Every structure is written in C-alpha cells, then in structure tokens.
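Secondary and tertiary structure notes
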Amino acid sequence: MKPLRVLIVGVGGLGKCLVLEALERDLPVSVLVRNQEKLRDDLGEATLAKLENIHVGDGTDAQVLDKAMQDIDVVLSGRGAAPDLARELAAAVKRNGVKKLCWPGGTTNVMAEDGITPNYKELQHLGSWVEQAYALHGACIDIIRKAGINYVIFCPGRMQGTGRRSPDVQATIRINRDAGPFVSYEDAAWVLLEAATTDSYDHQLISAATPQTAP
Ligand SMILES: NC(=O)c1ccc[n+]([C@@H]2O[C@H](COP(=O)([O-])OP(=O)(O)OC[C@H]3O[C@@H](n4cnc5c(N)ncnc54)[C@H](OP(=O)(O)O)[C@@H]3O)[C@@H](O)[C@H]2O)c1
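Reading the values: the criteria
- Residues numbered from 1 in each chain as written.
- Predicted model: local features only at pLDDT ≥ 70, side-chain atom pairs only at ≥ 80, totals over all residues.
- Heavy atoms only, no water.
- Core = buried A, V, L, I, M, F, W, Y, C linked by side-chain atoms within 4.5 Å.
- Buried < 20%, exposed > 50% of the residue type's maximum accessible area, 1.4 Å probe, protein only.
- Helix = DSSP H or I, 4+ residues; strand = E, 2+ residues; numbered from the N terminus.
- Contact = heavy atoms within 4.5 Å.
- Near = heavy atom within 4 Å.
- Polar contact = N/O pair within 3.5 Å; in protein donor to acceptor, adjacent residues only side chain to side chain.
- Areas by Shrake-Rupley, 256 points an atom, 1.4 Å probe, with all protein chains shown as cover.
- 1 Å grid on protein atoms, 1.4 Å probe; cavity = no way out; pocket = protein on both sides within 12 Å on 5 of 7 lines; lining within 4 Å.
- Sits in = over half its atoms within 2 Å of the grid points.
- Salt bridge = Lys/Arg side-chain N within 4 Å of Asp/Glu carboxyl O.
- UniProt positions renumbered as here; feature names shortened; annotations may be inferred.

**A closer look at the nonpolar core**
The biggest cluster of nonpolar side chains holds 36 residues, and the ones touching the most others in it are Val31 and Leu76. If you list the elements that add at least two residues to this core, you get strand E1 (6–9), helix H1 (13–24), strand E2 (29–33), helix H2 (36–43), strand E4 (74–77), strand E6 (151–154) and helix H8 (185–197). When residues of this core are assigned to their parent elements, the largest contribution, 8 residues, is made by H8. Filtering out sequence-adjacent residues up to four positions away, leucine 76 remains in contact with Val6, Leu7, Ile8, Val9, Leu18, Cys102, Leu192, Leu193 and Ala196. Core analysis: the second largest hydrophobic core is formed by 30 residues, Val9, Leu32, Ala82 and Leu85 among them.

**Overview of the site of the ligand**
Every one of the 21 residues lining the ligand counts as a neighbour, but Leu14, Arg34, Gly59, Met159 and Tyr185 are closest to it. Separating an oxygen atom of the ligand from a side-chain N or O atom of arginine 34 is a distance of 2.8 Å. Between the ligand and the protein, one listed contact pairs an oxygen atom with a side-chain N or O atom of tyrosine 185 at 2.7 Å. Here the ligand loses 75% of its free accessible area of 890 Å² to cover by the protein chains. Under a 2 Å grid-point criterion requiring more than half of the atoms, the pocket assigned to the ligand is the largest pocket. Residue assignment for the shell around the ligand shows that the elements contributing at least two residues are H1 and strand E7 (158–160).

**Brief notes about the pattern of salt bridges**
Close approach of charged atoms allows side chains of opposite charge to pair. In the structure shown here, the tally under the stated rule is 11 salt bridges. We note a salt bridge from lysine 99 to aspartate 73, for which the minimum N-O separation is 3.1 Å. With lysine 99 in the loop between helix H5 (83–95) and strand E5 (100–104) and aspartate 73 in the loop between helix H4 (62–68) and E4, the pair connects residues that are 26 residues apart, well separated along the chain. Judged by its relative accessible area of 8%, aspartate 73 falls in the buried class.

**With respect to the UniProt feature "domain: NAD(P)-binding" (unreviewed entry) in the chain**
The UniProt feature table records "domain: NAD(P)-binding" (unreviewed entry) at residues 12–197. Across residues 12–197, helical content stands at 43% and strand content at 16%; the span's end C-alpha atoms are separated by 21 Å.

Next comes the structure, spelled out in structure tokens:
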C-alpha cells in the first residue's frame, strides 16, 4: 500500500514535531510555511532535505492551498485557534479531495470527566482566558464540522517540547474527555499522526496527556 502523503501547515512548536514524527514513520512529508528561513533554522538542513515539498505562503490563501494540496492525502495543521485558517483549510481539503484534516483545538472544548459538563466550566477558575479559548476553538471546530469533510480535532492542555516521546502516550488517549493539563509536543505529534494514518478517531474530538514526570 502506498504511504499517506501528508501536508503540515504551520511549522511552530507542534508543527516541527509533526514533521519529525511523520518522517520517522517514513511518510512523504510536505510543509506550508510563511517563512522559509525560519523553517531552515528550526528544522536544520538535514531534515529539510527529507521533505517532499516546501510551499511558502499563507495558509489562508486559497491559491497557495490548492497548489500545496496536490497529491496530498492528509492535512495536519500546526496552528489552531484561527477561524480564518480553519475555514480556508477545510474548504481547500474539500475542494482538493484530501481524505482528512487534523486540527489542534484545546482541552477547554472536550467534556470533563463526568461526560456532561463542558470542560471549560471546570477550568474557569484558571482565568478569563479559559472562556475566550473555548469560544475561539469552538468557532474553529464548528467551521470544520460543518465543512462536510473528514476530520480529527486534537484538544490538548498546555503543550511544550520535552525532547522525547513518552513510552505509552497511546494509553492516555481520550475521546471527547479531558486527558490532563499537559501534553508534550512530541506526544501530541504521535497522537496526531495516529489520527492521521488510521480511521480510529475520525470525526472525533480527542485528547491525550504526558505523565506528570514531564517538566
Ligand atoms: N502551545 C500550547 O500550549 C497550546 C495549547 C492548546 C492548544 N494549542 C494550539 O496548538 C497550536 C500549535 O501550538 P504551538 O505551540 O505549536 O504554536 P506555535 O509555536 O505558535 O506555532 C504555530 C505556527 O503556525 C504558523 N502559522 C500561523 N498562522 C499561519 C498561517 N496563516 N499560515 C501558515 N502558517 C501559520 C506560525 O508560523 P509563523 O512562524 O510564520 O508565525 C507558527 O509557526 C496553537 O496554534 C494553538 O491553537 C496550543
């Protein structure tokens, strides 16, 4: 079977780990970034040389997206909380016959442990940003859900790089529930590539957490 061809849009903290995880899985990887020099600094020449295509442009530009999505099976966004980007990516995924969009949301937007209470209500004591994050991620999720495409929304707590993947992040994956306050970029990337390459989480909001031993 031919390996899935993935396009990663936005290579920041999460996006870099998405690239590395996809390459580790021997997938053909293309990226769309706004700044190629920054990409070179972040990834290094050796990793850059392993990429199928480097597209430079804005992820909200329909023409740029149509070019970048030629022969692509799955799109993973390295940027969330941006309704304009969600709208354009979802529309381009549909237009170009891409099989799936994997998108980062936030833990505010899954359910709390009881399965009834929206998690942002449990987190409101953390500050006014919680409700704002819920609204912003919610707007993106609505757009993607209504676009008539296949998708997976990953809803992490705080993310940061730890330099390594946890031995068993798979065991922490939850469907539409809060998994915990922190997930490393490396673990998040592993979960997102699982979501990209299997149908296990299609049309779901999922979360995962890195065990508390992480910094
Ligand atoms: N970090 C967290 O704690 C956390 C927690 C929950 C959810 N999230 C969600 O996860 C996403 C990824 O997190 P992160 O920490 O990796 O963020 P990040 O380091 O800021 O990376 C975001 C990347 O997206 C790129 N980008 C933004 N708008 C773009 C556009 N229109 N077209 C192309 N590229 C674009 C940025 O590129 P430039 O370099 O050109 O600006 C940047 O490289 C966030 O956007 C957020 O919604 C993050």
